[in-house]
Amino acid sequence: MNTKFKIMDAAEQAIRKKGSNGFSIDEIAGSVGIKKSSLYYHFSSKSELVNEIFENYSKKIFSFLDQTTANEETASGRLLAYIAETRELLNEGDSICLSIALNIDQQSSDTHLISKLDLFHHTNIEWLAATFELGLLDSTIADIGDPVAEANACLALVDGAQLMARTHRNAKYYDDATALLRARVC
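Here is what the cut-offs are and how they apply
- Residues numbered from 1 in each chain as written.
- Predicted model: local features only at pLDDT ≥ 70, side-chain atom pairs only at ≥ 80, totals over all residues.
- Heavy atoms only, no water.
- Disulfide = S-S within 2.5 Å.
- Helix = DSSP H or I, 4+ residues; strand = E, 2+ residues; numbered from the N terminus.
- Buried < 20%, exposed > 50% of the residue type's maximum accessible area, 1.4 Å probe, protein only.
- Axes fitted to C-alpha atoms, helices over the stretch in contact; angles between N-to-C directions.
- Parallel < 35°, antiparallel > 145°, perpendicular 65-115°, else oblique.
- Contact = heavy atoms within 4.5 Å.
- Salt bridge = Lys/Arg side-chain N within 4 Å of Asp/Glu carboxyl O.
- Expected span 1.5 Å × (residues − 1).
- Polar contact = N/O pair within 3.5 Å; in protein donor to acceptor, adjacent residues only side chain to side chain.

Caption draft 1: Expanded view of the state of the cysteines. Under the criterion given, the structure shown has zero disulfides. Of all cysteine sulfurs in the structure, the one in C97 sits closest to C154, which takes part in no disulfide; the separation is 13 Å. C154 supplies the cysteine sulfur nearest to C186, a cysteine that is in no disulfide, at a spacing of 15 Å.

Rendered as structure tokens:
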């Protein structure tokens, strides 16, 4: 792994554990084993670093959504894959989804990052709404109301469950919070 990717990986882990305001450039440089000036060779600012990390993260998640749509024929399969993927981001309660961590610190983010966070949110909501719409057709998720309202509730539940698991450093909180949603799968 080259130095730029080591920097990005270390910074992503720091953000997911402590938020974007919870780490310093000095800390990241030290964890990678380089000087602060060397880090600035790759990224002109902390903001540029965070923006590039989130852009790459968004691409991975959007790819996951596309692959899940292609590979899972049922709404229940798609929903369960989404719940499993978001649980995986917890690292057993040690971290949270990058978008959640960045949204918490949004007041100190630049407008470019805020736009990326909005796109990320809307893309997840659209995908979840399409999943619940499919659930109305294939009857593999019980008691579906309005698909858009379901999508918003699902994302809020999953994000809140991640926050609880991280707060308690225990993924069981995520599992407990998502149990009713998983129970709706037919």
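From this point on, the discussion continues.
Caption draft 2: Geometry of the environment of H112. Tracing the chain through its elements places H112 in helix α7 (residues 111-138). On the basis of relative accessible area, H112 is assigned to the partly exposed category, the value being 48%. Linking H112 and S47, residues 65 residues apart in sequence, is a C-alpha distance of 9.6 Å.

Caption draft 3: Structural detail: the packing of helix α4 (residues 46-71) against α7. Here α4 crosses α7 at 10°, and the two axes come no closer than 10 Å. The orientation of α4 with respect to α7, classified from their angle, is roughly parallel. In this structure, α4 uses V50, N51, F54, E55, Y57, S58, I61, F62, L65, T68 and T69 to contact α7, whose residues at the interface are H112, L113, K116, L117, L119, F120, T123, N124 and W127.

Caption draft 4: Region of interest: unusual backbone geometry. In this model, S139 sits at a positive phi of 55°, which is unusual for a non-glycine residue. Relative to the elements of secondary structure, S139 occurs in the loop between α7 and α8 (147-168).

Caption draft 5: Inspection of the pattern of salt bridges at higher detail. Evaluation of the coordinates by the stated rule reveals eleven salt bridges. For K36, the salt bridge goes to D26, with nearest N and O atoms at 3.7 Å. On the criterion of sequence distance, the pair formed by K36 in helix α3 (residues 36-42) and D26 in helix α2 (residues 25-32) is long-range, its members being ten residues apart. One salt-bridge network, held together by shared partners, links E55, K59 and K116.

Caption draft 6: Examining α7 more closely. Here α7 spans 40 Å end to end across 28 residues, near enough to the 40 Å set by a 1.5 Å rise per residue. By the N-cap criterion, in which a side-chain oxygen at the helix start approaches the backbone nitrogen of a residue two or three places on, α7 is capped by D110, the distance to H112 being 3.0 Å. Looking at the residues trailing α7, positive phi occurs at S139, about 55°.

The values are spatial; any link to function lies outside them.
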